[in-house]
Amino acid sequence: YHTAIVPNINMDVDGQYRGMDNKIHVAKDFVYYSTFSLWDTYRAAHPLYTIIDSKRSLDYIKTFLVQYEQGGRLPVWELSSNETDCMIGYHSVPVIADAYFKGIKGFDEKLALQAMKKSATWDHLGLPAYMKKGLIEADDEHESVSKTLEYAYDDWCIAQFAKAVGQNEDYLHYMQRAQYYKNILNSKTGFVQPRSNGGWLTPFDPREVNNHFTEANSWQYSFYFPQDIKGYMNIMGGEKNVAKKLDAL
């Protein structure tokens, strides 16, 4: 029941809808949807939709792409053809990549990659620092740890999609960016930590919920490396050490 509340159809019966450019458009070969709370849904809800509702999953992606064309960006947390920017990451990217690798195609792959790269490179929300330094420091942007981690995962998804559509240069570039998580993982403590001026910000308490994290603390974010579990285990000294840390969590 809860997974079926949103996204919502956001067009009239004749296919007309108001786009992100505030103009009226017509959806010709898809249903235009709204209410993409992607930070909340990219991990589990959208992967579920690819399994139980592939038709709507394709419509979601086609909606993403017209929103990119009309608004200049993929949605982050979209509501009624408006971008709220109330959460982090560019999580349209894993939604598109996940669907693609499950055989849900029928959308413009070239446009999709272009849109992914635009979301990953424009001048906002700490991305300039992330691209320049390989991490976001506390002085660059609030929620710096969470944003660095989630950008790195989304970049891995861009890399996988780029490789699949034959763009090897993009694949190599975004695979490198996907490793940026290592720049905020303190191998001595085993925690992701905020950084400032090249060093670790102190004092540091992994239980503290503060402005360096998004609705979480370091304990919760210190396992967020889905793109490189083995790399994380190597940094932590192997599976047994990771198991002990999970038990401690």
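Residues numbered from 1 in each chain as written. Predicted model: local features only at pLDDT ≥ 70, side-chain atom pairs only at ≥ 80, totals over all residues. Heavy atoms only, no water.

Draft legend 1. Region of interest: the nonpolar core. By size, the foremost hydrophobic cluster in this structure holds 65 residues, and its most contacted members are Leu74, Ile96, Phe107, Leu149 and Tyr221. The leading source of residues in this core is helix 7 (residues 144-164), at 10 residues. Not counting residues up to four positions away in its chain, the partners in contact with isoleucine 96 are Ile61, Phe64, Leu74, Phe107, Ala112, Met116 and Phe161. Residues Tyr17, Ala27, Phe30 and Tyr32 belong to the second largest nonpolar core, which totals five residues. (Core = buried A, V, L, I, M, F, W, Y, C linked by side-chain atoms within 4.5 Å. Buried < 20%, exposed > 50% of the residue type's maximum accessible area, 1.4 Å probe, protein only. Helix = DSSP H or I, 4+ residues; strand = E, 2+ residues; numbered from the N terminus. Contact = heavy atoms within 4.5 Å.)

Draft legend 2. Highlighting the environment of glycine 19. Looking at the element boundaries, glycine 19 is found in the loop between strand 2 (16-18) and strand 3 (24-26). Here the alpha-carbon distance between glycine 19 and valine 66, two residues 47 residues apart in the chain, equals 8.1 Å. Residues in contact with glycine 19, not counting those within four places in the same chain, are His25, Tyr32, Gln70 and Ser81.

Draft legend 3. Here's a closer look at the environment of valine 76. Position of valine 76 relative to the elements: it lies in the loop between helix 3 (54-71) and strand 5 (78-79). Residue classification places valine 76 among the buried positions, given a relative accessible area of 6%. Expressed as a C-alpha distance, the spacing of valine 76 and serine 218, which sit 142 residues apart in the sequence, is 23 Å. Those residues within four positions of valine 76 in sequence are excluded, and the remaining contacts are Phe36, Leu38, Trp39, Glu83, Asp85, Met87, Ile88 and Gly89.

Draft legend 4. The arrangement of the layout of surface pockets in detail. Computed from the structure, the largest pocket encloses a volume of approximately 170 Å³. In terms of lining, the largest pocket is formed by 13 residues, of which the most central are Tyr42, Pro94, Asp98, Tyr153 and Cys157. Secondary structure elements with two or more residues in the lining of the largest pocket: helix 4 (92-101) and helix 7. Tallied by class, residues from the lining of the largest pocket come to 10 nonpolar, one polar and two charged. (1 Å grid on protein atoms, 1.4 Å probe; cavity = no way out; pocket = protein on both sides within 12 Å on 5 of 7 lines; lining within 4 Å. Points joined across faces, edges and corners; volume = space filled by probe spheres on them. Nonpolar A, V, L, I, M, F, W, Y, C, P; charged D, E, K, R; others polar.)

Draft legend 5. Fine view of the pattern of salt bridges. One pass over the full model with this rule turns up 12 salt bridges. A salt bridge links glutamate 141 to lysine 147, with the shortest nitrogen-to-oxygen separation between them at 2.6 Å. Lysine 147 shares its class with glutamate 141; the two are buried. The salt bridge involving aspartate 155 is made with arginine 177; its shortest N-O contact spans 2.9 Å. Within this pair, whereas aspartate 155 is found in helix 7, its partner arginine 177 is found in helix 8 (residues 168-177), the two being separated by 22 residues in sequence. For aspartate 155, a relative accessible area of 0% translates into the label buried. A network of salt bridges, in which partner residues are shared, links Lys133, Glu137 and Asp140. (Salt bridge = Lys/Arg side-chain N within 4 Å of Asp/Glu carboxyl O.)

Draft legend 6. Seen up close, the packing of aromatic side chains. For the structure on display, the rule yields 22 aromatic pairs. Seen in terms of ring centroids, tyrosine 181 and phenylalanine 225 are 4.9 Å apart; in terms of plane orientation they differ by 40°. Their pairing is tilted. Linking tyrosine 181 in the loop between helix 8 and strand 7 (185-186) with phenylalanine 225 in the loop between helix 9 (218-221) and helix 10 (229-236), this pair joins segments that are 44 residues apart in sequence. Like tyrosine 181, the residue phenylalanine 225 is buried in the burial classification. Put simply, the rings of Tyr42, Tyr153, Trp156, Phe213, Tyr221 and Tyr224 pair up and form one aromatic cluster. When the ring centre of tryptophan 39 is taken as reference, the NZ or CZ atom of arginine 43 above it lies at 4.9 Å. (Phe/Tyr/Trp six-rings, centres within 6.5 Å; stacked < 30°, edge-to-face > 60°. Lys NZ or Arg CZ within 6 Å of the ring centre and 35° of its normal.)

Draft legend 7. Focus on helix 8. Among the residues of helix 8, those classed as buried are Asp170, Tyr171, Tyr174 and Arg177. Each buried residue of helix 8 lies within a common arc of 125° when the element is viewed along its axis, so the set occupies one face. In helix 8, the exposed residues that point more than 90 degrees away from the buried face are Glu169, Leu172 and Gln176. At its buried positions, helix 8 is contacted by helix 5 (109-121), helix 6 (127-133) and helix 7. (Arc of directions from axis to C-beta.)

Draft legend 8. Representation of the packing of helix 5 against helix 8 in the model. Packing of helix 5 against helix 8 leaves a shortest axis separation of 13 Å and a crossing angle of 35°. For the pair helix 5 and helix 8, the crossing hand works out as left-handed. Of the residues in helix 8, those in contact with Leu113, Lys117, Ala120 and Thr121 of helix 5 are Asp170, Tyr174 and Arg177. Residues belonging to the contact of helix 5 with helix 8 are distributed by class as follows: three nonpolar, one polar and three charged. (Axes fitted to C-alpha atoms, helices over the stretch in contact; angles between N-to-C directions. Left-handed = near helix turned anticlockwise from the far one by under 90°.)

These figures capture arrangement, not role.
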